[in-house]
Amino acid sequence: MSYIDAVEKIDVPKPPKYHTEPAFEEVFGIPVAYRRQGTGEATVLLHGAGFTRMWIPLYAMLAERLDFIAPEAPGFGATPLPKWLRGFDDLTILYDELFTRLGLDRIHLIGFSMGGWAAAEFAAFYPRRLKSLTLITPVGLRLPDEPGVDIFQLGPAELMDRLFKDKTVMQQWLPDAENFDEGIHLYAEFSAAARLMWAPRYNLALERRLQRVRCPALVIGGEEDGLVPNAMSDKYAAVLPDARLVRIPGTGHEPCLERPRELADVLLDFNEEAAR
Amino acid sequence: MNKLRFYAFHLMPYPYIPPADEIQSTWVSLSNKHYDPHRGRALYNEYIDQLVAAEQFGYDGVAVNEHHANFYGTMPSPNIIAAMLVQRTRHIPIGVIGNAIPLHGNPLRVAEEIAMLDVISGGRIISGFVRGIGCEYFNNPVAPGDSTDRFAEAHDLIVKAWTDDGPFTWQGEHFYIPNVNIIPRPIQTPHPPIWIPGQGSLETLQFIAKHRYTYMMVFAPMWFTKLAFDGLREECARLGYEAPKSMFNACVPTYVAETDAQAHREAKAHLSWVFNTGLKIPDQFFFPPGYMTTKSFRNFIGALKKGHVKPQAELSYDELLRDRYIIVGSPETVKNQLGEYCDTVGAGGMIGAGSPFGPMPNWMAMKNMQMYAEEIIPAFREADGLPDYLRAAPASPRSHAELAARRGAPAESARSLVTGATGLIEHRLAHLPEVIDPTMSGPAATPTASAG
């Protein structure tokens, strides 16, 4: 079959700040967008369901000391969404293939929010590829007593309010409501997120599979996450064999945007420690 | 053939909820604690009575549909209501418009239920298929992005299950059924008529044109319904045929009373409720991510912006009337506006014309239906006043005598081996002792206990 035929083509509007042009690597017939900069330990960050197409301050800080790679998942940023992408297993295999094509062998893997789930899945499938695993306000485990809010039921204003504890920072990241193309693009990205996460919002097998992850792991939670219960990061830290939990003061669900300097310092220290 | 067909349509709303400005939405998030089942019982039974009455009033059909987790339309299983209508009516066609086929784990359930209804009703079922509106997906494990593909595959599976001899294996992308062999099969051949309600997207129009199904436009301003109908006519022409008028149904709530003033007095609050309260739905419920392809979403939102189309919840009563979302007035006014409407858009059927809507009390709904039947419908009928279905031959014999006369004996008589008999015996004669033992004749011998 032709994979290209199955791809939904997307026009990619440029965000007003921090936008950079990505490079592309073709995997399974689709051009996967990524940004790569710096030298040092090869470190990959998997983004969450939004804030794509940008070289945000956190990335720049990490690239000062690392070979830092930020790919864009199918349906996000400039990477088109192929019809065959049905779940995190497809995403995991796509990333494995991408890393190989980028000449990466063993890596430090960081995942944020939805990307945290993706990183956990990757770690469960390919534990020996990882030097370390970092999950920032991840999702993907079941919290039986605390299902949390349904992100897909939130209007734009409430979503932003729940993402950020720091409302001053939030103001800098509000989407431009008048920008038609940006609105359509965000719908497309959420559509890709829904393809992966609509139901269920967890993978029960992860709790068992993550036992395979023997590398050092770091779980980063917000101080007070309005979107995903803090219990989620607690649970990841408990399930991963060699993990510790750090909460970044002053943050909600978006430590990457709310406290980039503090977060970068924690990530770099952990990276150095795990690389030894 | 009559100029226009009229279908009494019911959403079966539950109106005892807080007013629109006090709630986020009538769908998804408004708690079911507001639903009082005792009051619901009374409503359901009134609503069913209203649809049953439509046959006596002389409508061309009655219609129900499927919605979930909302107070606007409380028929999560329309086939259940249809089953009751089948039992309480005699000849009138019954439309389920439609079943939301992507939502169900096994589409064969719909194929089976529609077949059951078609058989029991003697071939009176119209089978509509829908994706369900976006809201439907929040109480469902089916991702909205899978809706279009699942719809197409479920449709193909159901039609094949109705038309091909089973058993066969279904190997789809979304459904795998090792042994498709639905029993009963429907009466109507090749299958019950299929109606597709839609909002006018190009994909839907192309699908209808390809299969020559009947289209039903959902609530919309007249200009938009015309746009969609013209689009469908174009798609049919592209495939080399002229679309007959019977392919086009418009959905226009219509209320008639003695005078214009009286009609507005009676209908205003109730018809407004349908749009302003019943359809109060925030965007994120209406368009869950993936429910529309990005391309369709871009076109749709772009068209709304360009046409300055307001959300239905924000339309004033005057706007509803002006844009012909609804028609309200004296018999003269309604006849004129309806005639003009149908000529403009090229409709062959009206859904919801003269039907109960919103929190309208039972007496008012019945008054509207009767006056509509007496004052409006005859103007669009031939001189005999009959609905088309009464002029056509019935799909199935209506009595045992007719069945015996028209179809003779069954292709296979029921027969089996019975202990003591020398060969296969026919069940219709199995109670006759001489059938079991041909040596016996005349007055029956004393029955003996079986040795075996």
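As the structure is a prediction and not an experimental result, all values here were calculated from the model.

Draft legend 1. Geometry of the overall build of chain A. Within chain A one finds ten helices and ten strands. Computed over the C-alpha atoms, the radius of gyration of chain A is 17 Å, within 12% of the 19 Å expected from 2.2 N^0.38 for a compact globule of 276 residues. Overall, chain A is about 45 × 40 × 40 Å in size when its C-alpha atoms are taken along their principal axes. Counting every position in chain A, which comprises 276 residues, the buried fraction comes to 46%.

Draft legend 2. Representation of the packing of helix H6 (residues 180-197) of chain A against helix H9 (residues 294-306) of chain B within the structure. In contact at an axis separation of 10 Å, H6 of chain A and H9 of chain B are set at 145° when each is read in the N-to-C sense. Relative to H9 of chain B, the crossing made by H6 of chain A is right-handed. Packed against H6 of chain A, whose contacting residues are Ile-184, Tyr-187, Ala-188 and Ser-191 of chain A, the element H9 of chain B presents Thr-294, Phe-297 and Arg-298 of chain B at the interface. In the contact of H6 of chain A with H9 of chain B, the residues fall into four nonpolar, two polar and one charged.

Draft legend 3. Region of the structure containing the interface of chain B and chain A. Each partner contributes residues to the interface: chain B has 16 residues there, and chain A has 16 residues. Tallied by class, the residues present in the side of chain B that touches chain A amount to nine nonpolar, six polar and one charged.

Draft legend 4. Examining the pairing of strand S2 (residues 61-64) of chain B more closely. Residues and elements named next belong to chain B. Burial along S2 is two-sided: Gly-61 and Ala-63 and Val-62 and Val-64, pointing in opposite directions, are all buried. At this point the chain moves from strand S1 (residues 5-9), through helix H1 (residues 37-57), to the parallel S2, and the crossover so formed is right-handed. Across three bridges, the pairing between S2 and strand S3 (residues 94-100) is parallel. Across the sheet, residue Ala-63 finds its bridge partner in S3, namely Gly-95. For the handedness criterion, the β-α-β arrangement of S2, helix H2 (residues 78-88) and S3 is classed as right-handed.

Draft legend 5. The arrangement of the nonpolar core in detail. Ranked by size, the top nonpolar core spans 196 residues in total, and within it Ala-119 and Ala-123 of chain A together with Val-62 of chain B carry the most contacts. Sort the elements by how many residues they give to this core and H6 of chain A lands first, with nine residues.

Draft legend 6. The domain arrangement of chain B, seen in detail. By domain assignment, chain B separates into domain 1 (5-391) and domain 2 (410-452). Here the C-alpha centre of domain 2 of chain B lies 54 Å away from the C-alpha centre of domain 1 of chain B.

Draft legend 7. Geometry of the sheet that holds strand S7 (residues 107-112) of chain A. Residues and elements named next belong to chain A. Spatially, S2-S3-S5-S4-S7-S8-S9-S10 is the arrangement adopted by the eight strands of the open sheet, whose pairing is mixed. The open sheet has two edge strands, strand S2 (23-27) and strand S10 (243-248), and neither has a second partner. Taking each pair of neighbouring strands and ignoring which way they run, the sheet shows an average axis angle of 25°. Each of strand S4 (42-46), S7 and strand S8 (130-136) touches helix H3 (residues 114-125); the most contacted strand, S7, lies at about 145° to it.

Draft legend 8. Main features of unusual backbone geometry. Residues and elements named next belong to chain B. Along the chain, Ile-97 connects to Gly-98 via a cis peptide bond; the corresponding omega equals 5°. Considering the arrangement of structural elements, one finds Gly-98 in strand S3. For the bond from Ile-183 to Pro-184, the omega torsion is 10°, close enough to zero to count as cis. Of note, Pro-184 is situated in the loop between strand S6 (176-180) and strand S7 (194-198). Positive phi is not limited to glycine here, since His-308 has a value of about 50°. Residue position: His-308 is located in the loop between H9 and helix H10 (317-322). Exposure remark for His-308: the 6 C-beta atoms within 10 Å place this residue in the exposed category.

Draft legend 9. Molecular detail of the packing of helix H5 (residues 202-211) of chain B against helix H6 (residues 222-238) of chain B. Residues and elements named next belong to chain B. Interaxial distance between H5 and H6 falls to 9 Å at its minimum, and their mutual angle equals 45°. Considering their axes alone, H5 and H6 lie oblique with respect to each other. Considering how the two elements wind past one another, H5 and H6 form a crossing that is right-handed. Contacts between H5 and H6 involve Leu-202, Leu-205, Gln-206, Ile-208 and Ala-209 from the first element and Ala-228, Gly-231, Leu-232, Glu-235 and Cys-236 from the second. Considered class by class, the residues forming the contact of H5 with H6 number seven nonpolar, two polar and one charged.

What counts, and at which threshold
Residues numbered from 1 in each chain as written. Chains lettered and ligands numbered in written order. Predicted model: local features only at pLDDT ≥ 70, side-chain atom pairs only at ≥ 80, totals over all residues. Helix = DSSP H or I, 4+ residues; strand = E, 2+ residues; numbered from the N terminus. Rg over C-alpha atoms; globule rule 2.2 N^0.38 Å. Buried ≥ 20, exposed ≤ 12 C-beta atoms within 10 Å, placed from the backbone. Axes fitted to C-alpha atoms, helices over the stretch in contact; angles between N-to-C directions. Left-handed = near helix turned anticlockwise from the far one by under 90°. Contact = placed C-beta atoms within 7 Å. Nonpolar A, V, L, I, M, F, W, Y, C, P; charged D, E, K, R; others polar. Right-handed = clockwise from strand over helix to strand, strands pointing away. Pairing = 2+ DSSP bridges. Core = buried A, V, L, I, M, F, W, Y, C linked by C-beta atoms within 7 Å. Domains from an automatic or database assignment. Parallel < 35°, antiparallel > 145°, perpendicular 65-115°, else oblique.

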